[in-house]
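Analysis of the macromolecular model
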Amino acid sequence: MIKKIPLQQFKIGMYINDLNLVWSTHPFAWQCFTVEDEATLNKIIASGIAEIEINTALGADVALANDLVQSINETSSFAPSLLITRTPAEEFEHAQKLYGNANKMMQGMMQDVRLGKQIQLEQCEPMVESILDSMFRSPSTLLPLAQMKTRDEYTFQHSVSVSALAVAFGRVLNLPRIEIKEIALGGMLHDVGKAKVPGRILNKPGKLDDAEFVVMKNHAANTADVLKDVAGVSDIAFKAAAQHHERFDGTGYPQGLKGEDISLYGQMIAIVDVYDAITSIRVYHKGMPPTEALRKLFEWGGTHFNPRLVQAFIKGVGVYPAGSLVRMESDMLGIVRNVVPERLLQPIVQLIYDCKKMSHIDPRVVDLSQSEDKIKSHESFEKWGIKQAAWATAENF
Ligand SMILES: [Fe+2]
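In short, a report on the structure. From a predicted model like this one, the values you see are computed outputs, not experimental measurements.

**Digging into the coordination of the iron ion**
At this site the iron ion is bound by D191 (OD), H219 (NE2), H244 (NE2) and H245 (NE2), with donor distances of 2.2 to 2.4 Å. Angles of 81 to 163 degrees at the metal separate the 4 donor atoms of the iron ion, which places the site in the irregular class. A residue is classified by how much of its surface remains accessible, and H219, at 3% relative accessible area, is buried. Residue classification places H245 among the buried residues on the basis of a relative accessible area of 13%.

**Points about the sheet that holds strand β3 (residues 33-34)**
Spatially, the 4 strands line up as an open sheet ordered β1-β4-β2-β3, and their pairing is antiparallel. This sheet does not close on itself; its edge strands, each paired only once, are β1 (2-6) and β3. Direction of pairing for strand β2 (residues 15-18) relative to strand β4 (residues 51-55): antiparallel, over a ladder of 2 bridges. Across the sheet, the residue bridging to D18 is E53, located in β4.

**Some thoughts on the pattern of salt bridges**
One pass over the full model with this rule turns up 16 salt bridges. Across the pair K181 and E125 runs a salt bridge whose closest N-O atoms are separated by 3.4 Å. With K181 in helix α6 (residues 177-189) and E125 in helix α3 (residues 121-137), the pair connects residues that are 56 residues apart, well separated along the chain. With a relative accessible area of 25%, E125 lands in the partly exposed category. Across the salt bridge formed by E129 and R177, the nearest N and O atoms sit 2.9 Å from each other. Of this pair, E129 sits in helix α3 while R177 sits in helix α6, placing them 48 residues apart in sequence. Judged by its relative accessible area of 30%, E129 falls in the partly exposed class. Residue R177 is classed as partly exposed on the basis of its relative accessible area, which comes to 31%. In the salt-bridge network here, residues are joined through shared partners; they are R327, D331, K376, E379 and K383.

**What to know about the environment of T87**
Relative to the helices and strands, T87 is located in the loop between β4 and α2 (88-114). Between the C-alpha atom of T87 and that of F397, which follows or precedes it by 310 residues, the distance is 8.6 Å.

**A look at α3**
Here α3 contains 17 residues, and its C-alpha end-to-end distance of 24 Å stays within 8% of the 24 Å for a straight helix at 1.5 Å per residue. Within the span of α3, buried status applies to L121, C124, M127, V128, I131, L132, S134, M135, F136 and R137. Contact partners of the buried residues in α3: α2, α4 (139-147), α5 (154-172) and α6.

**Things to note about α5**
Helix length check: α5, at 19 residues, gives a terminal C-alpha distance of 27 Å against a target of 27 Å (1.5 Å per residue), a fit within 8%. Across the 19 residues of α5, 19 count as buried, placing the element largely inside the fold. N174 sits one or two residues past α5 and shows a positive phi near 60 degrees.

**Thoughts on the sheet that holds strand β9 (residues 375-379)**
One open sheet holds the 5 strands; their spatial order is β8-β7-β6-β5-β9, and the pairing between them is antiparallel. In the strand order of this sheet, the two ends are held by β8 (359-367) and β9, each with one partner. The sheet shows a mean angle of 30 degrees between the axes of neighbouring strands, direction not considered. The pairing of strand β5 (residues 325-328) with β9 spans 4 bridges and is antiparallel. Along β9, the bridge assignment pairs V326 with H378.

About the thresholds
- Residues numbered from 1 in each chain as written.
- Predicted model: local features only at pLDDT ≥ 70, side-chain atom pairs only at ≥ 80, totals over all residues.
- Heavy atoms only, no water.
- Donors = N, O, S within 2.8 Å, 3.2 Å for Na, K, Ca; no water.
- Tetrahedral: all angles 85-135°; square planar, octahedral: opposite > 155°, others 65-115°.
- Buried < 20%, exposed > 50% of the residue type's maximum accessible area, 1.4 Å probe, protein only.
- Pairing = 2+ DSSP bridges.
- Helix = DSSP H or I, 4+ residues; strand = E, 2+ residues; numbered from the N terminus.
- Salt bridge = Lys/Arg side-chain N within 4 Å of Asp/Glu carboxyl O.
- Expected span 1.5 Å × (residues − 1).
- Contact = heavy atoms within 4.5 Å.
- Axes fitted to C-alpha atoms, helices over the stretch in contact; angles between N-to-C directions.

So this is what it looks like as structure tokens:
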């Protein structure tokens, strides 16, 4: 039987009846073939097609596709910035300060909201501009830093991280910088409504009960309430923030908007918010490795999220995002240092550990486009007892 399925349901073992790609532009020898390995699957995902035609008489069917995508190997899509004037170590130190200052600013702003004071946009806007500058210059520097969060400061750090990720997302969608800035501002402010949620609910270790969950959910409407009175908040920033819990299939809140009734900006922040939330270490759970989180988003494309936007986001941050730990075919472990847009499967990696010898090595940076070695899989820092934070220092850049 021939059927058309969304790419998210495609898996190894299926027979492609039609790739729906112009023959001369795709990297495959045939339009019809069985996908037998991860590398081919990754190439198909990287091609950006939304749907694929399969023949279930010649290959696996969708019903068997529970483990949808084994791994998606792709990296970021940033044009190299012409503005780099710092060494990587200087850029790292700059990003570290920026992250700290932005967190403090958010902390102060949420305190103001708690006390019923108005948000001072003139404090927030320069910080968002600095995040834009940093992300346009060197996205691989700020993003891994923003992924590391402390328990006490989670809400502020999450806001800054969402703002930075929104810039990465806006860039891959080729939006104008001025529009990206407004989305990033909306990302920064998306959770200000949480200032009205009591701390015992906000920071509760463990699951919220039904009543607490209702209070927690109110934060999205609270955010809209706070922002509608702030002079100078653009429609883009407002929608990005106020709609961040709406879901593509209409199951979100506060308005239960569906599909394209949710603005592009709200849809973007929804994806970014969930990605950052599930990759962060929280009071009640460990962070999910970024590669796994991206796979989850991929699964939710078509239900919670617009599948095309999910694909674009994955291209924006990379399947092996900067800062993640990867295992090479040579059995070395390395940290992804730079995602390179033109060579999606070949980031720049800092090798730090030899799995065969079970020992650290003298760290060395390898550009995988210049190496025979390839990434085999992602790995968890925890499993190998490697401290992520210890490797996020200026000396390692
Ligand atoms: Fe939220």
